[in-house]
Amino acid sequence: MPALNIEFTEEELAAIREAAAADGKSIKAYVHDLSVREQQRRRFVERAAEFWNEHMAEFDAAFPEEAPPSTGGAAA
C-alpha cells in the first residue's frame, strides 16, 4: 500500500498527537482520516456550488424578494 512520509515540527506533532488521542485514534489513523475527510469536503463543496449555479434562476424565480439586485447593464 502506498505511504507518505510527512515532516512536522515538534509543536505540530504534539498538537496532532493530542487531537488524535482526543479522538481515540492513533496518529496514523487520525491523519489518514483527516486527509480523506478534507477531500470529501472539497468534493461536496464543489458539487454544492455546481448545483447552486445550475438552479440559481429557479430559486430567484421562486423567491424574487431574496434575489440579489441585477449587476448587469445600467446603474440605478
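We now turn to the structure provided with this report. All values derive from a computational prediction rather than experimental measurement.

Turning to the packing of aromatic side chains, a few remarks are in order. The tally for this structure, following the rule as stated, stands at two aromatic pairs. Relative to Phe63, the ring of Phe59 lies with its centre 5.0 Å away and its plane at 40 degrees, an arrangement referred to as tilted. For Phe59, a relative accessible area of 31% puts it in the partly exposed group. Residue classification places Phe63 among the partly exposed residues on the basis of a relative accessible area of 38%. Three or more aromatic residues link up through ring pairs in this structure, and these residues are Trp52, Phe59 and Phe63.

Before going further, it helps to spend a moment on a nonpolar patch on the surface. A contiguous nonpolar surface patch, about 330 Å² in accessible area, is contributed by Leu4, Ile6 and Phe8. One can find Ile6 in the segment before α1 (10-22).

If you walk through the whole model with that rule in mind, you get five salt bridges. For Arg42, the salt bridge identified is with Glu38, shortest N-O distance 2.9 Å. Of this pair, Arg42 and Glu38 are both found in helix α2 (residues 27-62), four residues apart, which corresponds to roughly one turn of the helix. In this structure Arg42 comes out as partly exposed when scored by relative accessible area, which is 47%. We classify Glu38 as partly exposed; its relative accessible area is 28%. A salt bridge links Arg47 to Glu50; the nearest nitrogen and oxygen atoms lie 3.4 Å apart. One end of the pair is Arg47 and the other is Glu50, both in helix α2 and three residues apart, which spans about a single turn. Residue classification places Arg47 among the partly exposed positions, given a relative accessible area of 42%. For Glu50, a relative accessible area of 43% puts it in the partly exposed group.

Procedures and definitions
- Residues numbered from 1 in each chain as written.
- Predicted model: local features only at pLDDT ≥ 70, side-chain atom pairs only at ≥ 80, totals over all residues.
- Heavy atoms only, no water.
- Phe/Tyr/Trp six-rings, centres within 6.5 Å; stacked < 30°, edge-to-face > 60°.
- Buried < 20%, exposed > 50% of the residue type's maximum accessible area, 1.4 Å probe, protein only.
- Patch = residues over 30% accessible without salt bridge, like charges linked within 9 Å, V, L, I, M, F, W, Y side chains within 5 Å.
- Areas by Shrake-Rupley, 256 points an atom, 1.4 Å probe, with all protein chains shown as cover.
- Salt bridge = Lys/Arg side-chain N within 4 Å of Asp/Glu carboxyl O.
- Helix = DSSP H or I, 4+ residues; strand = E, 2+ residues; numbered from the N terminus.

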